[in-house]
Amino acid sequence: DIQMTQSPASLSASLGETVTIECRASEDIYSNLAWYQQKPGNSPQLLIYDANSLADGVPSRFSGSGSGTQYSLKINSLQSEDVASYFCQQYNNYTFGSGTKLEIK
Amino acid sequence: QVTLKESGPGILQPSHTLSLTCSFSGFSLSTYGMGVSWIRQPSGKGLEWLASIWWNGNTYNNPSLKSRLTVSKDTSNNQAFLKVTSVDTADTATYYCAHTTTTDYFDYWGQGVMVTVSS
């Protein structure tokens, strides 16, 4: 099974800052990677697919990058509504990362 | 637009079988490329993919739970189903269904249904 290692587990940043969350796969996943945002009390929502494609309606301050085994999610100009947990997922066999809880400092 | 909604028993006893229903609209599970997946999340923890069912009837289960899971569908009523046998407290979680296609990511999610396994 492909394992996904996500870091950091938690993150505190100020409004307007840029934050980066990373995921490392245990083997090459050929950009078959999605990022989801889960706000408190809500279901996950798709942010990024195919490593770097923005899902419909997602603000352009979110971006994804990476290839092979290393991937990252970047949030520019952090907003209060970005407080959430973020999960990566590889969809070769659907494993999720352990999540990153993002808070405002 | 695509919407999904899960329903289930809320609480059930250990060793029993959990039966969940996903009722959806905005797509058909008889259309080429369409699929419904099941994912669960224990309170305060991460996400675990459980199973997927596809337009052609093919199913794909998480190998770690494979023998306990059964997924099925009722195309005419736009529903998908998940059964989990021999539940125990470790199966306590919020269970989600999600729309997927042959692209494989989960682009629409239901609101989730909380399931508690307790004697």
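The model shown is predicted, which means the values in this text are computed figures rather than measured ones.

Q: What should I look at first to understand the environment of A:Ile21 in this one?
A: Residue and element names in this part refer to chain A. Turning to its location among the elements, Ile21 is positioned in strand β3 (residues 19-25). Look at Ile21 and you get buried, because its relative accessible area is 0%. In sequence terms Ile21 and Leu102 are 81 residues apart; their C-alpha atoms lie 9.6 Å from each other. Contacts of Ile21, omitting those with residues within four sequence positions, involve Gln6, Ser7, Leu11, Trp35, Tyr71, Ser72, Leu73, Tyr86 and Thr100.

Q: Explain the sheet that holds strand β8 (residues 79-84) of chain B to me, please; I cannot follow it from the model alone.
A: Note on sheets: strands pair through backbone hydrogen bonds, and any given pair is parallel or antiparallel. All names here are of chain B. The sheet built from 4 strands is open, its strands ordered β1-β3-β8-β7 with antiparallel pairing. A single partner strand is all that each edge strand has here, and the edge strands are β1 (3-7) and β7 (69-74). Across this sheet, the average inter-strand angle for adjacent strands is 20°, counted without regard to direction. Here β1 pairs with strand β3 (residues 18-25) via 5 bridges, running antiparallel. Bridging across to β3, Glu6 finds its partner in Cys22.

Q: I would appreciate a short explanation of the pairing of strand β9 (residues 93-100) of chain B in the present structure.
A: Sheet faces and side chains relate simply in a regular strand, where the side chains alternate between the two faces. Residues and elements named next belong to chain B. A large share of β9 lies buried, amounting to 8 of its 8 residues. The two faces of β9 match: Ala93, Tyr95, Cys97 and His99 on one face and Thr94, Tyr96, Ala98 and Thr100 on the other face are all buried. Both strand β4 (residues 35-41) and β9 contribute to a ladder of 7 bridges, which runs antiparallel. Within β9, the residue paired with Gly35 across the bridge is Thr100. Two strands pair when backbone bridges link them, and β9 and strand β11 (residues 113-117) are joined in this way by 3 bridges, in the antiparallel orientation. Counted as the bridge partner of Thr94 is Met114 from β11. The pairing of β9 with strand β10 (residues 106-109) spans 3 bridges and is classified as antiparallel. Bridge pairing links His99 to Tyr108 in β10. What sits between β9 and β10 in their antiparallel hairpin is a turn of 5 residues, with Asp104 showing a positive phi close to 85°.

Q: Whenever I open this one, the sheet that holds strand β4 (residues 33-38) of chain A confuses me. Can you help?
A: All names here are of chain A. An order of β2-β10-β9-β4-β5-β6 is seen for the 6 strands of this open sheet, with the pairing classed as mixed. Taken across any chain shown, the strands that pair with only one partner, and hence form the sheet edges, are β2 (10-13) and β6 (53-54). Where β4 and strand β9 (residues 84-90) come together, 6 bridges link them in antiparallel fashion. Bridge pairing in β9 places Tyr36 opposite Phe87.

Q: I'm lost on the state of the cysteines in this one. Help?
A: Here, disulfide denotes a covalent bond that connects the sulfur atoms of two cysteines. Counted according to the given criterion, the structure contains 2 disulfides over all chains. Put simply, A:Cys23 and A:Cys88 are joined by a disulfide, and their sulfur atoms are 1.8 Å apart. Between A:Cys23 and A:Cys88, the S-S torsion sits near -75°, and that sign places the bridge as left-handed. Within this pair, whereas A:Cys23 is found in strand β3, its partner A:Cys88 is found in strand β9, the two being separated by 65 residues in sequence. For the pair shown, A:Cys23 and A:Cys88 are each scored as buried. With its sulfur 2.1 Å from that of its partner, B:Cys22 forms a disulfide with B:Cys97. Judged by the torsion about the S-S bond (75°), the B:Cys22/B:Cys97 disulfide is right-handed.

Cut-offs and rules
- Residues numbered from 1 in each chain as written.
- Chains lettered and ligands numbered in written order.
- Predicted model: local features only at pLDDT ≥ 70, side-chain atom pairs only at ≥ 80, totals over all residues.
- Heavy atoms only, no water.
- Helix = DSSP H or I, 4+ residues; strand = E, 2+ residues; numbered from the N terminus.
- Buried < 20%, exposed > 50% of the residue type's maximum accessible area, 1.4 Å probe, protein only.
- Contact = heavy atoms within 4.5 Å.
- Pairing = 2+ DSSP bridges.
- Axes fitted to C-alpha atoms, helices over the stretch in contact; angles between N-to-C directions.
- Disulfide = S-S within 2.5 Å.

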